[in-house]
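Listed below are the residues making up each chain.
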Amino acid sequence: MKILFYDTKAYDREYFEENLIEQFENIKIDFLESDINTATASLASGYDAVCVFVASPVNSVVMKILKKSGVKLILLRCAGFNNVDIAAAKECGITVLRVPAYSPEAVAEHAIALALAVNRKIHKAYIKVRENNFSLVGLTGRNFHGKTAGIIGTGKIGTAMCKICYGLGMKVMAVDEKPEKRLDFVDYVSTDELLGRSDLISLHCPLTKETYHIINKESIKKMKDGVLLINTSRGALINTEDLISSIRERKFSGVGLDVYEEENNNVFENREDDILESSITARLLSFPNVIVTSHQGFLTAEALSAIAITTLENALQFEKGNIIHNNQVK
């Protein structure tokens, strides 16, 4: 099988090539730095499959070009698939396979790292000390021990986050349509109760029609003053304009975002010499109690290796006529 990888970085090459040599010698891979779009999709001519990432815009036009190029399979080296037109894939007879779980602990650990960093003002302290300013003014945080964590979504990542918060001595509340029975230390409550009682709110649910802008002006009003808000899931779970207005009104003691609306032009790219077009990004970065990272929650050695193995296994099984159904996007 021949696979063309789009939007690849050095770490993609390292972990895919390492696992390719060790376990999947019959698969041939070529890498492109550019992402897939209407101009680059035709480069897949002669390949059996393409591999794309979380922000790759695989719309209906791209899908038709892939079909014309003879591509039968789209491999997502990620869990999310809201960037792919699934209906168009079905019309074109193209199978879409993803990596539903690679290292939930990686994302959960990043979420708690954001929460701890913004709470204890680590980002501000780092800058101050580098300038030989050892004053503690403006660096006061709060204990997590004894506080209440509200976890929205208890899939594998949310479950890992619940365990971390509980390990810190926090009371843990959660919202999910399907409560995880093994989390016997978690109180499943209504969304309104979670919003009203939590000192830390962390989002770990998928982006759907029902969860789009689940955090908005009305839901923010129900939160405690001084709440911490963390999002490592999908940017559009939060209405960013409402978030920015509430930050200005000093509703939050801190906000940690690994994802945010309008991130697509920024994520994974070096834009240090650019003028950012998005006013959302510029405004978020202007607040002293907000930490923004570049969609790096997944970025651990363990997660990258798991992503590579599952993606290549998806390709191998597809070639054999055996689809791993839990990994298929329908």
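Every value quoted in this text rests on a predicted model; they were computed, and no experiment measured them.

What counts, and where the lines are drawn
All residue numbers refer to position in the chain's written sequence, counted from 1. Where local features are concerned, this predicted model is filtered to residues with pLDDT of at least 70; where side-chain atom pairs are given and counted, the filter is 80 or more; whole-chain, interface and lining totals use all residues. Hydrogens and water molecules were not included; the side-chain quantities draw on all heavy atoms of the structure. Here a strand pair is declared whenever DSSP counts at least two bridges between the two strands. Secondary structure elements are taken from DSSP: a helix is a run of H or I of four residues or more, a strand is a run of E of two residues or more, and numbering for both begins at the N terminus. To get an axis, a line is fitted to the C-alpha atoms, and for a helix only the part in contact is used. The angle between two axes follows their N-to-C directions and goes from 0 to 180 degrees. Throughout, the term roughly parallel applies to angles under 35 degrees, roughly antiparallel to angles over 145, roughly perpendicular to angles from 65 to 115, and oblique to all others. Take the far helix as your reference; a near helix turned counterclockwise from it by less than a right angle gives a left-handed crossing, and one turned clockwise gives a right-handed crossing. It only takes one pair of heavy atoms within 4.5 Å for two residues to be counted as in contact. Under the scheme applied here, a residue whose accessible area is under 20% of the maximum for its type counts as buried, over 50% as exposed, and between as partly exposed, the area being computed with a 1.4 Å probe on protein chains only. For Phe, Tyr and Trp, where Trp contributes only its six-membered ring, two rings pair if their centres lie within 6.5 Å, and the inter-plane angle classes them as stacked under 30 degrees, edge-to-face over 60, or tilted in between. The rule for a salt bridge is simple: a side-chain nitrogen of Lys or Arg has to be within 4 Å of a carboxyl oxygen of Asp or Glu. Among buried residues, those of type Ala, Val, Leu, Ile, Met, Phe, Trp, Tyr and Cys that are joined through side-chain atoms within 4.5 Å constitute a nonpolar core. Under this grouping Gly is polar, as are all residues other than the nonpolar Ala, Val, Leu, Ile, Met, Phe, Trp, Tyr, Cys and Pro and the charged Asp, Glu, Lys and Arg. Both site types are read off a 1 Å grid over the protein atoms alone. A 1.4 Å probe that fits but cannot get out defines a cavity, while an open set with protein on both sides within 12 Å along at least five of seven lines defines a pocket; lining residues have an atom within 4 Å of a point. Grid points are joined across faces, edges and corners, and a volume is the space filled by probe spheres set on the points.

### Let's talk about the sheet that holds strand β4 (residues 73-76)
Then comes step 1: Ordered by their spatial adjacency, five strands build an open sheet running β2-β1-β3-β4-β5, and the pairing between neighbours is parallel. Looking at which strands have only one partner, the edges of the open sheet turn out to be β2 (28-31) and β5 (95-97). When strand polarity is set aside, the average angle formed by the axes of neighbouring strands in this sheet is 20 degrees.
Then comes step 2: With three bridges connecting them, β4 and β5 associate as parallel partners. The residue of β5 that forms the bridge with leucine 75 is leucine 97.

### What about the packing of helix α4 (residues 104-119) against helix α6 (residues 156-167)?
Then comes step 1: Where α4 meets α6, the closest approach of the two axes is 8 Å, and the angle between their N-to-C directions is 50 degrees. Considered as vectors, α4 and α6 are oriented oblique to each other. For α4 against α6, the interelement crossing comes out right-handed. For the pair formed by α4 and α6, the contact residues are Pro104, Glu105, Val107, Ala108, Glu109, Ala111 and Ile112 on the first element and Lys156, Ile157, Ala160, Met161, Ile164 and Cys165 on the second.

### Quick word on the pairing of strand β9 (residues 200-203)
Then comes step 1: Here β9 shows a buried face lined by Leu200 and Ser202 and a second buried face lined by Ile201 and Leu203.
Then comes step 2: Two strands pair when backbone bridges link them, and strand β6 (residues 148-152) and β9 are joined in this way by four bridges, in the parallel orientation. Looking at β9, one finds that isoleucine 152 is bridged to leucine 203.
Then comes step 3: Relative to strand β10 (residues 227-231), β9 runs parallel, the two sharing four bridges. Looking across to β10, one finds that leucine 203 is bridged to asparagine 231.

### Quick word on the packing of aromatic side chains
Then comes step 1: In the structure shown here, the tally under the stated rule is four aromatic pairs.
Then comes step 2: Seen in terms of ring centroids, phenylalanine 5 and phenylalanine 16 are 4.7 Å apart; in terms of plane orientation they differ by 70 degrees. Their pairing is edge-to-face. Taken as a pair, phenylalanine 5 in strand β1 (residues 2-5) and phenylalanine 16 in helix α1 (residues 10-23) lie far apart in primary sequence, eleven residues in all.
Then comes step 3: A residue is classified by how much of its surface remains accessible, and phenylalanine 5, at 0% relative accessible area, is buried.
Then comes step 4: Taken together, the ring pairs in this structure connect Phe5, Phe16 and Phe31 into an aromatic cluster.

### Things to note about the pattern of salt bridges
Then comes step 1: If you walk through the whole model with that rule in mind, you get nine salt bridges.
Then comes step 2: Its salt-bridge partner being lysine 222, residue aspartate 192 comes within 2.9 Å of it at the nearest N-O pair. In this pair, aspartate 192 sits in helix α7 (residues 191-197) while lysine 222 sits in the loop between α8 (217-221) and β10, placing the two residues 30 residues apart along the sequence.
Then comes step 3: Between glutamate 218 and lysine 221 there is a salt bridge; the shortest N-O distance is 3.9 Å. Placement of both glutamate 218 and lysine 221 in helix α8 is noted, with a separation of three residues, approximately one turn of the helix.

### Focus on the nonpolar core
Then comes step 1: Judged by nonpolar contacts, the single largest core of 49 residues is most densely connected at Ile3, Ile27, Val58, Met63, Leu66 and Ile74.
Then comes step 2: In terms of residue count, helix α11 (residues 301-320) provides more of this core than any other element does, six residues in total.
Then comes step 3: The contacts of methionine 63, once residues within four sequence positions are left out, are Val58, Ile74, Val84, Asp85, Ala88, Ala89, Cys92 and Ile94.
Then comes step 4: Counting 27 residues, the second-largest nonpolar core is a separate cluster that includes Leu203, Ile215, Leu237 and Val290.

### Notes on the sheet that holds strand β8 (residues 186-188)
Then comes step 1: What the seven strands build is an open sheet, ordered β8-β7-β6-β9-β10-β11-β12; its pairing is parallel. Whereas interior strands pair on both sides, the edge strands pair on one side only; in this sheet they are β8 and β12 (290-292). When strand polarity is set aside, the average angle formed by the axes of neighbouring strands in this sheet is 15 degrees.
Then comes step 2: Along the sheet, helix α9 (residues 240-248) contacts β10, β11 (252-257) and β12; its crossing angle with β11, the most-contacted strand, is approximately 145 degrees.

### Focus on the environment of alanine 41
Then comes step 1: Mapped onto the elements, alanine 41 comes out in the loop between β2 and β3 (49-52).
Then comes step 2: A relative accessible area of 0% places alanine 41 in the buried class.
Then comes step 3: Sequence separation between alanine 41 and serine 69 is 28 residues, and the spatial gap between their C-alpha atoms is 8.4 Å.
Then comes step 4: With residues up to four places along the chain from it excluded, the contact list for alanine 41 reads Tyr6, Ile36, Val62, Ile65, Leu66 and Ser69.

### Quick notes on the packing of α1 against α11
Then comes step 1: At a closest axis distance of 9 Å, the pairing of α1 and α11 adopts a crossing angle of 55 degrees. Comparing the axis directions of α1 and α11 gives the class oblique. Handedness of the crossing formed by α1 with α11: right-handed. Residues Tyr11, Tyr15, Phe16, Asn19, Leu20 and Gln23 of α1 pack against Ala301, Leu304, Ser305, Ile307, Ala308, Ile309, Thr311 and Leu312 of α11.
Then comes step 2: When its residues are assigned to classes, the contact of α1 with α11 shows ten nonpolar, four polar and no charged.

### Side note on the layout of surface pockets
In this approach a probe as big as a water molecule rolls over the atoms, and the regions it shows empty are the leftover space.
Then comes step 1: Considering only enclosed or pocket space, the largest pocket measures out at about 1,400 Å³ in volume.
Then comes step 2: In terms of lining, the largest pocket is formed by 42 residues, of which the most central are His204, Cys205, Pro206, Leu207 and Ser233.
Then comes step 3: Broken down by secondary-structure element, the contributors of at least two residues to the lining of the largest pocket are α4 and α6.
Then comes step 4: At three residues, α6 tops the list of elements feeding residues into the lining of the largest pocket.
Then comes step 5: When the residues that make up the lining of the largest pocket are grouped by side-chain class, the tally is 19 nonpolar, 15 polar and eight charged.

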